[in-house]
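Descriptive analysis of the structure
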Amino acid sequence: MELLLEYGLHVAATLLITLIGVLGTYLTLQLSKTAQLKNINDAQKELIRAAKITVEELQQTLVGELKAASEDGKLSQQEIAQLRQKLLEKTAEKLSAPASALLAAACVDVEALILGVGESWIERLKQQAAAA
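Along the backbone of the protein there are four helices and zero strands. From first element to last, N terminus to C terminus, the protein shows the α and β order α-α-α-α. Along the longest, intermediate and shortest principal axes, the C-alpha atoms of the protein span 100 × 30 × 20 Å. Buried residues in the protein amount to 18% of all 132 residues.

What follows deals with helix H2 (residues 77-94). Relative to the 26 Å expected for 18 residues at 1.5 Å per residue, H2 spans 26 Å between its end C-alpha atoms, a close match to the ideal helical length. Listing the buried residues of H2 in full gives Glu79, Leu83, Leu87, Leu88 and Thr91.

Bringing the confidence of the model for the protein into the picture now. On average, residues of the protein carry a pLDDT of 84, and 94% of them reach 70 or more. The secondary-structure element of the protein with the lowest mean pLDDT is helix H1 (residues 2-69), recorded at 80, while H2 shows the highest, at 92.

Glancing now at the nonpolar core. Core analysis: the biggest nonpolar cluster contains 15 residues, and Leu47, Leu87, Leu95, Leu103 and Ile114 have the highest contact counts within it. With five residues, the single largest contributor to this core is H1. When near neighbours in sequence (up to four residues on either side) are disregarded, Leu103 contacts Ile40, Ala43, Gln44, Leu47, Leu95, Val108 and Val110.

A separate point is the pattern of salt bridges. Within this structure, the stated rule accounts for three salt bridges. The salt bridge involving Lys38 is made with Asp42; its shortest N-O contact spans 2.8 Å. With Lys38 and Asp42 both in helix H1 and four residues apart, the pair spans about one turn of that helix. Among the residues examined, Asp42 registers a relative accessible area of 32% and is labelled partly exposed. Across the pair Glu57 and Lys94 runs a salt bridge, and its minimum N-O distance is 2.9 Å.

Conventions we followed
Residues numbered from 1 in each chain as written. Predicted model: local features only at pLDDT ≥ 70, side-chain atom pairs only at ≥ 80, totals over all residues. Heavy atoms only, no water. Helix = DSSP H or I, 4+ residues; strand = E, 2+ residues; numbered from the N terminus. Buried < 20%, exposed > 50% of the residue type's maximum accessible area, 1.4 Å probe, protein only. Expected span 1.5 Å × (residues − 1). pLDDT = per-residue confidence, 0-100. Core = buried A, V, L, I, M, F, W, Y, C linked by side-chain atoms within 4.5 Å. Contact = heavy atoms within 4.5 Å. Salt bridge = Lys/Arg side-chain N within 4 Å of Asp/Glu carboxyl O.

Laid out in structure tokens, this is it:
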């Protein structure tokens, strides 16, 4: 009887140790996912900041000149396409290599995000100019 009890306690202890190991692994994976999501969020914030800065730079350096050179004071479709391309290039240059790699690994559509931020920021700048 004592032998059965000792064997049962040994099996129970082994199962408990195994369960603790499995639970520890599960918790580690969950924490890793949370940390990775935070890192992806931080990389997106960096991209958004870089896109906003780039929009403002382009507004100051190119847009005013292009509008002034235009007869109607508006940008042509070709000029808009060129500015979009410049926005993509200049923003990508500002983005750190780790953030860029992380966004690529997370399958984030970086170009769409940059263009979306750019259009939103341009609209906000227009609203501020109209209010002033």
